[in-house]
Amino acid sequence: MTITLIWAQTPTGIIGRDGTLPWHVPEDMAHFRDLTRGHPVIMGRGTWDSLPPRFRPLPDRDNIVLTRDPLFEAAGALVAHDLEEALRLVENRDAWVVGGGEIYALFLPLAHRVERTLVSLDVGGDTRAPTLDRLDWKRTEPDDTWLTSTAGGTRYRFESYVRR
Ligand SMILES: NC(=O)c1ccc[n+]([C@@H]2O[C@H](COP(=O)([O-])OP(=O)(O)OC[C@H]3O[C@@H](n4cnc5c(N)ncnc54)[C@H](OP(=O)(O)O)[C@@H]3O)[C@@H](O)[C@H]2O)c1
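Quick summary incoming for the structure in this document.

**A word on the nonpolar core**
For soluble globular proteins, the rule of thumb is that nonpolar side chains tend to be buried together.
Item 1. Counting residues in each nonpolar core, the largest one holds 23 residues, and the members touching the most others are Leu 5, Trp 7, Ile 42, Val 97, Phe 107 and Val 114.
Item 2. The set of elements that each furnish at least two residues to this core consists of strand E1 (3-9), strand E4 (63-66), helix H3 (83-90), strand E6 (95-97) and helix H4 (101-107).
Item 3. If we skip the residues at most four places from it in the chain, Ile 42 touches Ile 64, Leu 66, Ala 86, Val 90, Ala 95, Trp 96, Val 97, Val 98, Gly 99 and Phe 107.
Item 4. By size, the runner-up hydrophobic cluster in this structure holds 13 residues, among which are Val 41, Val 65, Ala 74 and Trp 96.

**Section: the site of the ligand**
Item 1. Of all residues adjacent to the ligand, which total 29 residues, the nearest are Ala 8, Arg 45, Thr 47, Thr 67 and Arg 68.
Item 2. In this structure, Gly 100 approaches the ligand through a main-chain N or O atom, which is 2.9 Å from an oxygen atom.
Item 3. In isolation the ligand has 940 Å² of accessible area, and contact with the protein removes 83% of it.
Item 4. Sorting the residues of the shell around the ligand by element identifies E1, strand E2 (14-16), helix H2 (45-50) and H4 as the ones contributing at least two each.
Item 5. Top element by residues in the shell around the ligand is H4. It accounts for five residues.

**Describing the side chain of Thr 36**
Item 1. With respect to the helices and strands, Thr 36 occurs in helix H1 (residues 26-36).
Item 2. Within the structure, Thr 36 has its side chain in polar contact with the side chain of Arg 61 (distance 2.8 Å).
Item 3. Not counting residues up to four positions away in its chain, the partners in contact with Thr 36 are Ile 6, Val 41, Arg 61, Trp 96 and Val 98.

**With respect to H3**
Item 1. For H3, the set of buried residues is Leu 83, Ala 86 and Val 90. Angularly, the buried residues of H3 cover 60° about the axis, an arc narrow enough to put them on a single face.
Item 2. Where H3 is buried, its residues contact strand E3 (41-44), E4, strand E5 (78-80), E6 and H4.
Item 3. Just past H3, the residue Glu 91 takes up positive phi, approximately 55°.

**With respect to the environment of Arg 134**
Item 1. Along the chain, Arg 134 falls in the loop between strand E8 (127-128) and strand E9 (137-140).
Item 2. Between the C-alpha atom of Arg 134 and that of Arg 164, which follows or precedes it by 30 residues, the distance is 9.0 Å.

**Topic: the packing of aromatic side chains**
Item 1. This model, assessed by the stated rule, comprises two aromatic pairs.
Item 2. Summarising the aromatic geometry, the rings of Trp 7 and Tyr 104 are spaced 5.1 Å apart at their centres and angled 55° between planes, so their arrangement reads as tilted. Here Trp 7, found in strand E1, pairs with Tyr 104, found in helix H4; they are 97 residues apart in sequence, far enough to count as distant.
Item 3. Classification of Trp 7 by relative accessible area gives buried; the value is 4%.
Item 4. Relative accessible area serves as the criterion here: at 4%, Tyr 104 is assigned to the buried category.
Item 5. Between Tyr 156 and Phe 158, the aromatic rings sit 5.5 Å apart at their centres with planes inclined by 65°, giving edge-to-face as the arrangement.
Item 6. Since its relative accessible area comes to 5%, Tyr 156 is described here as buried.
Item 7. Geometry around Trp 146 places Arg 157 over its ring, the cationic atom sitting 4.6 Å from the centre.

Quick notes on the rules
- Residues numbered from 1 in each chain as written.
- Predicted model: local features only at pLDDT ≥ 70, side-chain atom pairs only at ≥ 80, totals over all residues.
- Heavy atoms only, no water.
- Core = buried A, V, L, I, M, F, W, Y, C linked by side-chain atoms within 4.5 Å.
- Buried < 20%, exposed > 50% of the residue type's maximum accessible area, 1.4 Å probe, protein only.
- Helix = DSSP H or I, 4+ residues; strand = E, 2+ residues; numbered from the N terminus.
- Contact = heavy atoms within 4.5 Å.
- Near = heavy atom within 4 Å.
- Polar contact = N/O pair within 3.5 Å; in protein donor to acceptor, adjacent residues only side chain to side chain.
- Areas by Shrake-Rupley, 256 points an atom, 1.4 Å probe, with all protein chains shown as cover.
- Arc of directions from axis to C-beta.
- Phe/Tyr/Trp six-rings, centres within 6.5 Å; stacked < 30°, edge-to-face > 60°.
- Lys NZ or Arg CZ within 6 Å of the ring centre and 35° of its normal.

In structure tokens:
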């Protein structure tokens, strides 16, 4: 079983604002779909709430939603009330942690890999990605080429990290 965190952030670490993503980069959404399809995904209740109802549960993936609320229900998803319960629901499969800020911070110490998209925008926000300490994380196949989104011309690049 491996645990991979996947997120998109600005160069200063912003991942969300007012419960949504502060950009629209469809190529990154396709990248997210391709990598996570077929695997269990773990998310916080905040991220579940941020998904438009027609897009949840994320299809072709077991969706596991973390909440401390014993009464919370998420139609079509499994609900876990702490990290250990979420891992039990994963049942030794390779799991992807898909946000948001609180849940990335919770799982980073357990993570084997991080798939990070850098979005070259200078925007404010209220939710941040964890910092990847160079002593703990090594970038694989570094390629600093920026790509350009067909939707609006936003520049972005994909980065992969493994724990040292
Ligand atoms: N850029 C990206 O890649 C990306 C990806 C995902 C999300 N986002 C953005 O991130 C934002 C949401 O992130 P967020 O930090 O506000 O929320 P979040 O991490 O998605 O969820 C936080 C919630 O998770 C539950 N939780 C946290 N720790 C827990 C624990 N130890 N045990 C059980 N439950 C726990 C709590 O739910 P209860 O309050 O119900 O107890 C908490 O309120 C949105 O703006 C979203 O658009 C960005």
